[in-house]
Amino acid sequence: MSDRPEENKEEKEPYTPASPVKRIMAWVGIVYMVGFVLLNLYPFFNGGTYLTGIAPLFACPGIAGLLVIALYTLRKPDETYSKKASMVVLALVCAVGLGVSLVLGVPPLLEGLGG
């Protein structure tokens with residue numbers, strides 16, 4: 001008898017990395033978590049006052065993630081023309097939404113930070 005435990009004879013599935021869309025969504029989640037942590041730490045270092053009016057900025061990571069997913073899907077050569085057309089429309093809507101969110105959210109952020 002050997003001192004080693006018996007090895008499992010079953011073959012394991014090979015490692016398959018996450019798809020690019022899942023990675024994009026994970027990075028969007030990371031950006032949201034960093035934003036929430038910074039937003040919750042802000043009052044501790046600035047006399048207990050909160051940042052107000054910056055809600056449009058919290059739409060930006062999600063919109064940017066959708067934009068990147070649309071552009072990624074648009075570049076895939078095996079997609080149908082109708083799906084590519086819908087991704088172009090989605091990318092344009094996301095670009096406009098991102099611009100509007102930044103225009104509405106950056107001035108209150110700068111005012112709250114004292115800039």
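This text follows the structure it describes.
This section reports on the structure supplied with the text. Worth saying up front: this structure is predicted, and the values here are computed from it rather than measured.

Some points on the packing of helix α2 (residues 60–75) against helix α3 (residues 81–113)
Remark: α2 packs on α3, axes separated minimally by 8 Å, with the N-to-C direction vectors making an angle of 155 degrees. Compared by their axis directions, α2 and α3 come out roughly antiparallel. Along this stretch, α2 crosses α3, giving a crossing that reads as left-handed. In contact with Cys60, Ile63, Ala64, Leu66, Leu67, Ala70, Leu71, Thr73 and Leu74 of α2, α3 contributes Lys83, Lys84, Met87, Val88, Leu90, Ala91, Cys94, Ala95, Gly97, Leu98, Ser101 and Leu102. Along the lines of polarity and charge, the residues of the contact of α2 with α3 split into 16 nonpolar, three polar and two charged.

So, the layout of surface pockets
With a probe scaled to a water molecule rolled over the atoms, the places where space remains empty come into view. Of the pockets and cavities examined, the largest pocket occupies roughly 260 Å³. Going through the elements one at a time, α1 (20–45) and α3 are the ones with two or more residues in the lining of the largest pocket. Residue contributions to the lining of the largest pocket peak at seven residues, all from α1.

Details of the side chain of Thr73
Mapped onto the elements, Thr73 comes out in helix α2. Side-chain polar atoms of Thr73 contact the backbone oxygen of Ile69, separated by 2.9 Å.

Considerations on α3
Residues spaced three or four apart along an α-helix face the same direction, because each turn holds 3.6 residues. In this model α3 runs 46 Å from its N-terminal to its C-terminal C-alpha over 33 residues, within 8% of the 48 Å that 1.5 Å per residue would give. Of all bends in α3, the biggest is about 25 degrees, found at Gly105, and the proline Pro107 comes one to four residues later. Those residues of α3 lying buried are Met87, Ala91, Cys94, Ser101 and Gly105. Turning to α3, the residues buried within the fold contact α2. Directly beyond the C-terminal end of α3, a positive phi value near 85 degrees is found at Gly114.

Describing the side chain of Glu79
In this fold, Glu79 is placed in the loop between α2 and α3. Classification of Glu79 by relative accessible area gives buried; the value is 19%. At 3.5 Å, the side chain of Glu79 and the side chain of Lys83 are in polar contact. Among all residues touching Glu79, those that are not within four sequence positions of it are Thr73 and Lys84.

Criteria and cut-off values
- For every chain, the first residue of the written sequence is number 1, and numbering continues from 1 onward in sequence order.
- Since the coordinates come from a predicted model, pLDDT governs what is reported: local features require at least 70, and pairs of side-chain atoms require 80 or more to be given and counted, while whole-chain, interface and lining totals use all residues.
- Each side-chain value is derived from all of the structure's non-hydrogen atoms; neither hydrogens nor water enter the calculation.
- As a rule, the C-alpha atoms of each element are fitted with a line to give its axis, helices using only the stretch in contact, and angles between N-to-C directions run from 0 to 180 degrees.
- Starting at the N terminus, helices and strands are each numbered in turn, a helix being any DSSP run of H or I of at least four residues and a strand any DSSP run of E of at least two.
- Any angle that falls under 35 degrees is termed roughly parallel, while one over 145 is termed roughly antiparallel, one within 65 to 115 roughly perpendicular, and all others oblique.
- Handedness of a crossing follows from how the near helix is turned relative to the far one, being left-handed for an anticlockwise turn of less than a right angle and right-handed for a clockwise one.
- We call two residues in contact whenever any of their non-hydrogen atoms come within 4.5 Å of each other.
- In this classification, the charged set is Asp, Glu, Lys and Arg, the nonpolar set is Ala, Val, Leu, Ile, Met, Phe, Trp, Tyr, Cys and Pro, and all remaining amino acids, among them Gly, are polar.
- Lining residues are those with an atom within 4 Å of a point, where the points come from a 1 Å grid over the protein atoms alone and group into cavities, where a 1.4 Å probe fits but cannot get out, or pockets, open sets with protein on both sides within 12 Å along at least five of seven lines.
- Grid points are joined across faces, edges and corners, and a volume is the space filled by probe spheres set on the points.
- Definition of a polar contact: a pair of N or O atoms within 3.5 Å, with one able to donate and the other able to accept a hydrogen when the atoms are protein atoms, and with sequence-neighbouring residues admitted only if both atoms are side-chain atoms.
- What a helix should span is 1.5 Å times the count of its residues minus one.
- Here the bend at a residue means the angle between the axes of two seven-residue stretches, the one that ends at it and the one that starts at it.
- Under the scheme applied here, a residue whose accessible area is under 20% of the maximum for its type counts as buried, over 50% as exposed, and between as partly exposed, the area being computed with a 1.4 Å probe on protein chains only.

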